[in-house]
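Chain and residue survey
One letter stands for each residue in the lines below.
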Amino acid sequence: MWLKLFFLLLYFLVLFVLARFFEAIVWYETGIFATQLVDPVALSFKKLKTILECRGLGYSGLPEKKDVRELVEKSGDLMEGELYSALKEEEASESVSSTNFSGEMHFYELVEDTKDGIWLVQVIANDRSPLVGKIHWEKMVKKVSRFGIRTGTFNCSSDPRYCRRRGWVRSTLIMSVPQTSTSKGKVMLKEYSGRKIEVEHIFKWITAHAASRIKTIYNAEHLKEEWNKSDQYWLKIYLFANLDQPPAFFSALSIKFTGRVEFIFVNVENWDNKSYMTDIGIYNMPSYILRTPEGIYRYGNHTGEFISLQAMDSFLRSLQPEVNDLFVLSLVLVNLMAWMDLFITQGATIKRFVVLISTLGTYNSLLIISWLPVLGFLQLPYLDSFYEYSLKLLRYSNTTTLASWVRADWMFYSSHPALFLGTYLGHGLLIDYFEKKRRRNNNNDEVNANNLEWLSSLWDWYTSYLFHPIASFQNFPVESDWDEDPDLFLERLAFPDLWLHPLIPTDYIKNLPMWQFKCLGIQSEEEMSEGSQDTENDSENENTDTFSSEKEVFEDKQSIFHNSPGRASHCDAEACSCANKYCQTSPYERKGRSYGSYNTSDMEPDWLIWPADMLHCTECVICLENFENGCLLMGLPCGHVFHQNCIVMWLAGGRHCCPVCRWPSYKKKQPYAQHQPLSNDVPS
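All residue numbers refer to positions counted from 1 along the written sequence of the respective chain. Local features in this predicted model are restricted to residues of pLDDT 70 or higher, and side-chain atom pairs are both shown and tallied only at a pLDDT of 80 or more, whereas totals for entire chains, interfaces and linings draw on every residue. Derived side-chain values reflect all non-hydrogen atoms in the structure, with water molecules and hydrogen atoms excluded from consideration.

The next thing to look at is the state of the cysteines. The term disulfide is used for any two cysteine sulfur atoms that are within 2.5 Å. Per the counting criterion, the structure on display carries 1 disulfide. Between Cys-156 and Cys-163 runs a disulfide, and the two sulfur atoms are separated by 2.1 Å. What sets the handedness of the Cys-156 and Cys-163 disulfide is the S-S torsion sign, and at about -95 degrees it is left-handed. Across the pair, Cys-163 and Cys-156 agree in class, each one buried. Looking at Cys-623, it has no disulfide partner, and the nearest cysteine sulfur is the one in Cys-620, 3.8 Å off. Take Cys-623: its relative accessible area is 9%, and that puts it in the buried class. We call a residue buried when its accessible area falls under 20% of the maximum for its residue type, exposed when it is over 50%, and partly exposed in between, using a 1.4 Å probe and counting protein chains only.

Okay, here's the thing in structure tokens:
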């Protein structure tokens, strides 16, 4: 998880650097920045009208370019970034979808139950033509959708009873607007009563009703009273402008942020005395001023702070977010982080997607589960101070220059989704390349595995998990008795308890103490083999061959794991001398041998090389054989000692306990008090 989080943060850093790189290219080719102001005089009449449409100001009664230019100047400063966004939006001739209501419940669910938005609905009466034609309605939908106004069509033929109850006997237009200034308040439906059925007149009717919800100030005394008043709103945004009514984007935002931010329009068109505005720091017209408990913030002085709906919406969301905004942000981040598994996972393609689906399900489930206590925590009545300090921290951090860059990059990449997805894919491919190179250097075989091999290993793991729950976590194959006799499967079904054994990983086995058994006073091989035949001498040299160092012991340990459980009573011929000819002969043959193997009953074991917490013994209770010189031994936490191969096979079979005392082999135990060692000290 931390690796994915690191790669995600690295990706965001790459996006930030890439945005600065694009700005440098634009500056090098054109010599302008996105924050550079544009002189409206240098713009064409068409571009000026495009700017007014994006800001939501009507220009139907302004035939001259001079009047249109003055209206642009009165609504706010124009930047290169805003001009580029407006022209790009105008060129994009994408059709905006409109909702077709199926009946009363559908209309109530979307329109009357929506508390923070505006709806424009065209009602078509029975056996009547629509009030607005198809071509004009499409233009209307495209025009109002820029400001977050949703549109729909209600045909009374689908629910005539509801139309009669509402009094919709003729085709008309209905607008839904929140009635109160509180969040999630009631909505009211207004019917269009104008005579002119034109797009501009209908849009002017919509903006007039939306602007009526904004508090308007017409004189300095009212401004002074409002400026010094403290009420429930922590954020207040003022528009000081010489306009008849605020722009449509400003009115739409006032409805969207109902209950969170108060929007105030200060009409200074007929003011004679503007000294109070100078006292509070307002020198330029128009000005967008954000009033917070911490002070005054002038909107439009930083990167990406354009006079548009999208720019101001992202700015206000960062200062006063809703819980839903935070949830959506966390959902996007978690899924971006989960998709990193597609590139980090190496091996077969099917394996990548299986791991990806598993990660997506796990991360999203954990996210939803973790949000439930957070929502309950926010409902507690004693968290007002915590909530206030959290919002204060957001206001401090999101009014910085770095935060303005991040918001500008967010708007840039959200308007260019192909670039965002392309950079994410490129970043993922780079991660995949370096991860594959790293694993190849480590000689990891899973990099070269194909789909069939991985599916085969997945099926083997599944069947092993189904029939041998403990063995499914092991790194070596275990022969299944069920493969030889299918009736054993039915027997296991008859005893469900056999399926419920705890799953204990076997990683602890490699950490158990391991050493060689040695005896004191043993003669050399030349003296022992003196007088024997050459063939016997060669055989005894093989029997007395031991490990040269502790390193060889650990290298041969993996080969021991691949032994069959059916041979657990014998030691590996290369790992322990007791598995040689001495162990393979009968007890009568061993008793008659005079050399070639050592009888530990006549020799004194070297107890000094034994770990301090191990009990002294000379016999393995698993294979019932004595320890031979050079044999590899392994001890358990309880202190009992066995042949290394014997105890590994015992533990690998699922018996995670000592064969003598049944103490868990993975659990530490207080060491026994050591006593004076005896040569023939065996466990009772």
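Back to the write-up after that little detour.
We now examine the sheet that holds strand β1 (residues 99–101). When DSSP finds at least two bridges between two strands, those strands are taken to pair. Comment: elements are numbered from the N terminus, with helices defined as DSSP H or I runs of at least four residues and strands as E runs of at least two. In spatial order, the strands read β1-β3-β2-β4-β5; together these 5 strands make up an open sheet with mixed pairing. Of all the strands in the sheet, the pair left with one neighbour each is β1 and β5 (187–191). Pairs of neighbouring strands in the sheet enclose a mean axial angle of 25 degrees, with direction left out of account. Here helix α8 (residues 199–211) sits on the sheet and contacts β2 (119–124), β4 (172–178) and β5; the angle it forms with β4, its principal contact strand, is near 25 degrees. With axes taken as lines fitted to C-alpha atoms, and helix axes fitted only over the stretch in contact, angles between N-to-C directions fall between 0 and 180 degrees. By definition, residues are in contact when any of their heavy atoms lie within 4.5 Å.

Note on placement: Ser-158 falls in the loop between β3 (150–155) and α7 (160–166). Judged by its relative accessible area of 37%, Ser-158 is partly exposed. For the pair Ser-158 and Gly-103, spaced 55 residues apart in the sequence, the C-alpha separation amounts to 6.1 Å. Not counting chain neighbours up to four residues away, the residues in contact with Ser-158 comprise Phe-101 and Ser-102. Any pair of nitrogen or oxygen atoms within 3.5 Å is treated as a polar contact; in protein, a donor-acceptor pairing is required on top of that, and neighbouring residues in sequence qualify only through side-chain atoms on both sides. Separated by 2.6 Å, the side chain of Ser-158 and the backbone oxygen of Asn-155 make a polar contact.

All right, on to helix α5 (residues 104–112) then. Among all positions in α5, only Phe-107, Val-111 and Glu-112 are buried. The buried residues of α5 all sit within an arc of 70 degrees when viewed along its axis, so they share a single face. Away from the buried face of α5 by more than 90 degrees, exposed residues Met-105 and Glu-109 are located. Here the buried face of α5 lies against β1, β2, β3, α7, β4 and β5. In this context, the arc is that of the directions from the helix axis out to the C-beta atoms.

What follows is about the UniProt feature "transmembrane region" (unreviewed entry) in the chain. Summarizing the sequence annotation, UniProt attributes the feature "transmembrane region" (unreviewed entry) to residues 326–344, 353–378 and 410–431 in the numbering used throughout. With 95% helix and 0% strand, residues 326–344 has end C-alpha atoms that lie 27 Å from one another. UniProt positions are given in the numbering used here, feature names are shortened, and annotations may be inferred rather than shown by experiment.

Here we come to the packing of aromatic side chains. Ring pairs are drawn from Phe, Tyr and Trp, using the six-membered ring of Trp, whenever the two centres fall within 6.5 Å, and their geometry is named by plane angle: stacked under 30 degrees, edge-to-face over 60, tilted for the rest. Applying the stated criterion across every chain yields a total of 36 aromatic pairs. Residues Phe-249 and Phe-250 carry aromatic rings whose centres are separated by 6.5 Å and whose planes lie at 80 degrees to one another, so their mutual orientation is edge-to-face. Three or more aromatic residues joined by ring pairs form one cluster here, namely Phe-249, Phe-250, Phe-263, Tyr-288, Tyr-297, Tyr-299 and Phe-315. To sit over a ring, a charge needs its Lys NZ or Arg CZ within 6 Å of the ring centre and within 35 degrees of the ring normal. Between the NZ or CZ atom of Arg-20 and the centre of the ring of Phe-16, over which it lies, the distance is 4.7 Å. The positively charged end of Arg-20 is found above the aromatic ring belonging to Trp-405, 5.5 Å away from the centroid.

The next thing to look at is unusual backbone geometry. What you tend to see is this: most non-glycine residues have negative phi, and most peptide bonds are trans. A cis amide bond, omega -5 degrees, links Met-285 with the succeeding residue Pro-286. Phi is positive for Leu-624, which is not a glycine, with a value near 60 degrees. Along the chain, the position of Leu-624 falls in the loop between β14 (619–620) and β15 (625–626). Under the relative-accessibility criterion, Leu-624 is labelled exposed at 58%.

Let us look at the packing of helix α6 (residues 134–144) against α8. Between α6 and α8, the least distance of the axes is 10 Å, while the angle of their chain directions is 40 degrees. In terms of orientation, α6 lies oblique with respect to α8. Seen along the crossing, α6 lies across α8 with a hand that is right-handed. Contacts from His-136, Lys-139, Met-140, Lys-143 and Val-144 of α6 reach α8 at Val-199, Glu-200, Ile-202, Phe-203 and Ile-206. To sort the angles, those under 35 degrees are grouped as roughly parallel, those over 145 as roughly antiparallel, those from 65 to 115 as roughly perpendicular, and the leftovers as oblique. We call a crossing left-handed when the near helix sits turned anticlockwise from the far one by less than a right angle, and right-handed when that turn is clockwise.

Here we take up the confidence of the model for the chain. Per residue, pLDDT captures the predictor's confidence, and it can take any value from 0 to 100. Put simply, the chain has an average pLDDT of 75, and 74% of its residues get 70 or more. A low-confidence stretch, residues 523–601 stays under pLDDT 50, and its non-local contacts, those more than four residues away or across chains, total 100 contacts. Predicted confidence for residues 673–684 stays below pLDDT 50, and this span has 22 contacts to residues more than four positions away or in other chains.

Examined against the element boundaries, Ser-171 turns out to sit in the loop between α7 and β4. Polar contacts involving the side chain of Ser-171 include one to the main-chain amide nitrogen of Ala-125, which spans 3.3 Å. At 2.8 Å, the side chain of Ser-171 and the backbone oxygen of Ser-129 are in polar contact. What Ser-171 contacts, discounting residues up to four positions off in sequence, is Val-123, Ile-124, Ala-125, Arg-128, Ser-129, Pro-130 and Leu-131.

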